[in-house]
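# Remarks on the overall topology
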Amino acid sequence: MSPDENALPRTEDEWRVRLTPEEFRVLREAGTERPFTGEYVDTKTAGVYHCRACGLELFSSDTKFDSHCGWPSFDDAIPGRVKEIQDHSLGMARTEIRCARCDSHLGHVFHGEGFTPKDTRHCVNSVSIRLEPNPG
């Protein structure tokens, strides 16, 4: 997929053509996949996780950890690739994370849980990302 922002869909109808129905529901409508069902929950493969909608590199496998929450978890994003937005959609304060290039929903970020030395958990829907394994 082209990293050129001009090649990205400009309307939701264009996104709907590019994405599967489940990808569209999660990435463009801020849906959530069921816990423990995503393809990357238990993946240990070394590589880089890209936005499934636009291909932007978002997370390194070096930052992935087992949080046992039901979704892939990363303690850091590649700098400048993920933006944070306050989310009060469920009557509580959370921080949504979106792709910095295409504004697609990735999941939420949580601080202060004590899982890693960075004390951060980017809780990401598997359907929002695609792993490109390291060569070799």
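Residues numbered from 1 in each chain as written. Predicted model: local features only at pLDDT ≥ 70, side-chain atom pairs only at ≥ 80, totals over all residues. Heavy atoms only, no water.

If you check an unreviewed UniProt entry, the protein chain appears there as peptide-methionine (R)-S-oxide reductase from Micromonospora matsumotoense. Under the UniProt heading Cofactor (unreviewed entry), the entry covering the protein chain gives this text: "Zn(2+)". (UniProt positions renumbered as here; feature names shortened; annotations may be inferred.)

## A short note on the overall build of the protein chain
Along the protein chain, the regular secondary structure elements total two helices and nine strands. Reading the protein chain from its N end, one meets helices and strands in the order α-α-β-β-β-β-β-β-β-β-β. In terms of C-alpha radius of gyration, the protein chain reaches 14 Å, essentially the compact-globule figure of 14 Å for 136 residues. Residue burial in the protein chain is summarised as follows: out of 136 residues, 48% are buried. Relative to all contacts within the protein chain whose residues are 6 or more apart in sequence, the contacts with residues 24 or more apart total 52%. When the accessible surface of the protein chain is totalled, it reaches about 7,400 Å², and 49% of it is carbon and sulfur. Each charge class in the protein chain can be summarised by its mean position, and for the 17 positive and 23 negative side chains these summaries are 2 Å apart. (Helix = DSSP H or I, 4+ residues; strand = E, 2+ residues; numbered from the N terminus. Rg over C-alpha atoms; globule rule 2.2 N^0.38 Å. Buried < 20%, exposed > 50% of the residue type's maximum accessible area, 1.4 Å probe, protein only. Contact = heavy atoms within 4.5 Å. Areas by Shrake-Rupley, 256 points an atom, 1.4 Å probe, with all protein chains shown as cover. Lys, Arg positive; Asp, Glu negative; His and termini not counted. Charge placed at Lys NZ, Arg CZ, Asp CG, Glu CD.)

## Some words on the sheet that holds strand β9 (residues 129-133)
Sheet architecture is open: three strands sit in the order β2-β1-β9, paired in antiparallel fashion. Edge positions in the sheet fall to β2 (57-60) and β9, since each of these pairs with one other strand and no more. In this sheet, adjacent strand axes meet at a mean angle of 30° when their direction is disregarded. The sheet contact formed by strand β1 (residues 47-51) and β9 spans five bridges and is antiparallel. Looking at β9, one finds that Gly 47 is bridged to Pro 133. (Pairing = 2+ DSSP bridges. Axes fitted to C-alpha atoms, helices over the stretch in contact; angles between N-to-C directions.)

## Digging into unusual backbone geometry
Non-glycine residue Phe 36 carries a positive phi angle of around 65°. With respect to the helices and strands, the residue Phe 36 is situated in the loop between α2 (21-27) and β1. Overall, the relative accessible area of 57% leaves Phe 36 in the exposed class. Phi is positive for His 68, which is not a glycine, with a value near 60°. Inspection of the secondary structure puts His 68 in the loop between β3 (64-65) and β4 (73-74).

## Some thoughts on the environment of Arg 52
Tracing the chain through its elements places Arg 52 in the loop between β1 and β2. At a separation of 2.8 Å, a polar atom in the side chain of Arg 52 contacts the side chain of Glu 39. (Polar contact = N/O pair within 3.5 Å; in protein donor to acceptor, adjacent residues only side chain to side chain.)

## Some points on the UniProt feature "domain: MsrB" (unreviewed entry) in the protein chain
Taken from the UniProt record, the annotation "domain: MsrB" (unreviewed entry) applies to residues 12-134. As a span, residues 12-134 carries 11% helix and 34% strand, and end to end its C-alpha atoms are 32 Å apart.

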